[in-house]
Amino acid sequence: MTEEEFDAFYASAFPRLTGQLYAFTGDHGEAQDVVQEAFVRAWDRRRDFLVDEAPEAWIRTVAMRLAVSRWRRARRWLELVRRTPPPQHTPGPDPERAVLVDALRKLPDAQRMALVLHHLCDLSVEQVASETGAPVGTVKARLSRGRAALARELAAGEGEREDHRVR
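Just so it is clear, the structure is predicted and the values come from calculations on it, not from any experiment.

Caption draft 1: Quick peek at a nonpolar patch on the surface. A surface patch of nonpolar side chains, amounting to about 300 Å² of accessible area, comprises Trp77, Leu78 and Val81. Its location among the elements puts Leu78 in helix α3 (residues 55-83).

Caption draft 2: Layout of the side chain of Glu56. By the element assignment, Glu56 lies in helix α3. Polar contacts involving the side chain of Glu56 include one to the side chain of Arg16, which spans 2.8 Å. Setting aside residues up to four positions removed in sequence, Glu56 forms contacts with Phe9, Ala13, Arg16, Leu17 and Gln20.

Caption draft 3: Representation of helix α1 (residues 3-25) in the model. In the structure, α1 departs most strongly from a straight axis at Ala13, where the bend amounts to approximately 40° and where the proline Pro15 lies between one and four residues downstream. Along α1, the residues classified as buried are Phe6, Phe9, Ala13, Phe14, Leu17, Thr18 and Leu21. At the exit of α1 stands Gly26, carrying a positive phi of roughly 80°.

What counts and how
- Residues numbered from 1 in each chain as written.
- Predicted model: local features only at pLDDT ≥ 70, side-chain atom pairs only at ≥ 80, totals over all residues.
- Heavy atoms only, no water.
- Patch = residues over 30% accessible without salt bridge, like charges linked within 9 Å, V, L, I, M, F, W, Y side chains within 5 Å.
- Areas by Shrake-Rupley, 256 points an atom, 1.4 Å probe, with all protein chains shown as cover.
- Salt bridge = Lys/Arg side-chain N within 4 Å of Asp/Glu carboxyl O.
- Helix = DSSP H or I, 4+ residues; strand = E, 2+ residues; numbered from the N terminus.
- Polar contact = N/O pair within 3.5 Å; in protein donor to acceptor, adjacent residues only side chain to side chain.
- Contact = heavy atoms within 4.5 Å.
- Bend = angle between axes of the 7 residues up to and from the residue.
- Buried < 20%, exposed > 50% of the residue type's maximum accessible area, 1.4 Å probe, protein only.

Now the structure itself:
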């Protein structure tokens with residue numbers, strides 16, 4: 001089957017197959033997804049398809065198998081979720097961590113990236129330079145400026161928190 005023949009086949013068969021799979025799945029979006037996936041798989045084999053050998057049946061079979069496979073996966077996931085009890089209590093973020101994250105967000109991206117990679121990911125200055133594509137000297141400058149800016153942000157935030165406690 002040539003590309004043009006496949007395109008014509010797709011245009012004529014997709015709505016019909018989607019309707020058939022919609023009846024099978026009960027979900028129009030799911031039906032479109034599995035039919036589309038079946039056509040993607042058929043595209044790779046389009047040269048092997050012969051127009052007189054019912055390629056639509058092949059697409060339908062693949063789409064139905066995909067739908068069943070998705071349904072089984074969803075069912076297994078649902079069974080797993082039902083067996084796993086929800087956590088009794090999920091603690092919120094540590095206030096100190098929230099303050100640090102807020103202060104980091106106020107830094108320029110390059111400084112924040114250098115600080116996070118170096119101090120939180122435990123990368124060496126050379127590794128940070130390699131990962132960011134910046135020279136080692138630039139990374140050192142970003143770390144130095146970032147630490148200073150972070151200290152100012154944290155000090156300013158501490159002052160604001162003190163003001164709120166006094167009031």
